[in-house]
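These are the residues of each chain, in order.
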Amino acid sequence: MRLLTHNMLASNIKGVTSGYPLRIEAHQSAAKEADFNADFLRNVFPKIDWPALVSAAKTLGYGDLPEEAEPSMLESDEFLRRFHHALLEVHVEEGALVCPETGRRFPVNKGIPNMLLHEDEV
Amino acid sequence: MWYLCVFYHRLLDYRRSEVEALAELFGACKQVEQDEDGGKISTCSLQWKLPENHHADSPFHFVFLPSEETARKIANRSILIKGIYELWGHATTYEELEKAVIEYPEERKVPYLTSESSFRIIVDSFGKVISFQEQTERIKGLSYIPFKGRVDLRNPEHKFWLMETDDYGSNNGLPPVVQKTIFFGREVGAADRKLLPTYQLKSRNYLGPTAMDAEMAFLMANQGLAQPGKLIFDPFVGTGSILVAAAHFGAMTMGADIDIRVVRDGKGPDCNVWSNFKQYGLQLPVSLLRADNNLPPWRPGLKEIFDAIICDPPYGVRAGGRKSGGRKLLKGVVGPYTVPDEKRFDHIPSTAPYSLAECMHDLLDLAAKMLVLGGRLVFFYPVVREEGSTDAQYPEHPCFTLVASCEQILSFRYSRHLLTMVKTGSYTDEIAELARKKHVEFKENHLKWLEDGNLHSAVFTPADSLCGQS
């Protein structure tokens, strides 16, 4: 699971009002090289919840993102590289995403988050 | 300028739509005007015309495109175009053809006839095989064209095509040809069909029972305008066959499925969704996750992130859809069930059947929220074929404009339509409410129709039992 995915997901348990951002519990993480595409990064930047990305990246040991970001930074190659790395190259292989409100753990196995709810959560 | 567009004689209903989608992709269409509701209308310089006496199902069409460059790009990216040609002449007899070609402006012809260039003439016929000897004679008959270049059969700079239609009416289901037509033109571009054997399913490592065949997957990716820098989502990803096609065109991909065995495990470390991308050297999906399309796990406020959603929803014909929640629970037969804490870790939640109407509502709602403005929703929709009526009722949504519907007949009584919708309106609270109402309307009609005999029974009950009723 890349941090782009983490940035998009929330706990959708019935009745939960603040199911985002999910806390990352990483038992095994990895950095894997991904193709760099500046157009994609510029397209996706406005949709990203920046504080959640910064904090998720920190959880996984990557602290090179600025605390705040604005569109003008997309001109900088250096910034794009860092954004690219945090968004697409840092992976959680094994672990869980934890609902901040209920503590419910959504397992991540083999890099796949399992967001399916139990019967009593729908 | 008008070009001759010759199609492969297959998936007839998909051919023009593919060209129109690619015209949009390569900028032959511009979104400029606003309609009364403030939505954008796409105006397109593309136009169609049929040669005289030709039926719409004919492989020969005339298409107006803004430039040769656009025409070449469209043809090269397409799956169903045999070739787009600059037409130098067409006629009903060879004598008339000679006159037409001679009259075609010199300045359009000369650049392609110079002594420095290489060329080849290909003789082709629709509906009839022309013997090698006849081909040679036809080529000799073109001696009125002053070719000065060198003949190169392997790798010519310019390819000229002499094509004719013959009386094919008896063999292939098309209306009889009233009069023979002969076309002569210079090839501008043609589909790269070689990618189909490369991606054919029988060489794919990991397959499921409903994997999308390569040709259709590429057509879907074209309808979805897949290209580098775009993010494409498939909420029913299965073994990833649709996303493989999108990734081939350079798009970033993302897939979800309710079946964890399919998305996570596959059949082992080298036989799973990821390996299907590795096999072709494609960029791996940005994300695969297990999620229920009925209860999507997207964070509140997340919207307009996907450039296209392309999928084959599980509408219960080959594989039934499932959603969260036990069947008995949703019907109220059993009371709410609480999973004991000690069993939570390995608990397998029960799922209930997911009806077509509900699935459509969720898909349209998801797409309305998550697609960028101008983004595309491309999906299959099943239709029971009724005698005489061809206009199927498609699900609608105020955010979407239907731009293409292509029928693929699967059996005597059942077909599927590939629908392409463009998001033309933003998703607002009002729209969400309107969509809900529309959906209820659709669901009622759908339920009525279900009472008459649902899709499943229409497909699987013996034909005579239906005949007896009608």
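Residues numbered from 1 in each chain as written. Chains lettered and ligands numbered in written order. Predicted model: local features only at pLDDT ≥ 70, side-chain atom pairs only at ≥ 80, totals over all residues. Heavy atoms only, no water.

Where an unreviewed UniProt entry is consulted, chain B appears under the name tRNA (guanine(10)-N(2))-methyltransferase, with the organism given as Asparagus officinalis. Heading Subcellular location (unreviewed entry) of the UniProt record for chain B holds this comment: "Cytoplasm". Word for word, the UniProt comment on chain B under Sequence similarities (unreviewed entry) is "Belongs to the class I-like SAM-binding methyltransferase superfamily. TRM11 methyltransferase family." (UniProt positions renumbered as here; feature names shortened; annotations may be inferred.)

Per an unreviewed UniProt entry, chain A goes by the name Trm112p-like protein and belongs to Asparagus officinalis. Here chain A is described in UniProt, under the heading Subunit (unreviewed entry), as follows: "Interacts with TRM9." Database annotation for chain A, UniProt heading Sequence similarities (unreviewed entry): "Belongs to the TRM112 family."

Student: I would appreciate a short explanation of the pairing of strand β5 (residues 60–64) of chain B in the present structure.
Tutor: Where a strand is regular, its side chains alternate between the two sheet faces. All names here are of chain B. Extensive coverage of β5 is indicated by the burial of four of its five residues. Across five bridges, the pairing between strand β1 (residues 2–7) and β5 is antiparallel. Within β5, the residue paired with Val6 across the bridge is Phe60. Sheet topology places strand β4 (residues 47–49) next to β5; three bridges connect them, and they run antiparallel. (Buried < 20%, exposed > 50% of the residue type's maximum accessible area, 1.4 Å probe, protein only. Helix = DSSP H or I, 4+ residues; strand = E, 2+ residues; numbered from the N terminus. Pairing = 2+ DSSP bridges.)

Student: Can you help me understand the sheet that holds strand β3 (residues 105–109) of chain A in this one?
Tutor: Within a sheet, neighbouring strands are paired by backbone hydrogen bonds and run either parallel or antiparallel to one another. Residue and element names in this part refer to chain A. The strand order β1-β2-β3-β4 describes an open sheet built from four strands, whose pairing is antiparallel. The two strands at the open ends of the sheet, each matched to only one other strand, are β1 (23–31) and β4 (112–113). As paired strands, strand β2 (residues 90–98) and β3 are joined by four bridges and run antiparallel to one another. Counted as the bridge partner of Val98 is Arg105 from β3. The sheet strands contacting helix α4 (residues 77–89) are β1 and β2, and the helix crosses β2 at an angle near 55°. (Contact = heavy atoms within 4.5 Å. Axes fitted to C-alpha atoms, helices over the stretch in contact; angles between N-to-C directions.)

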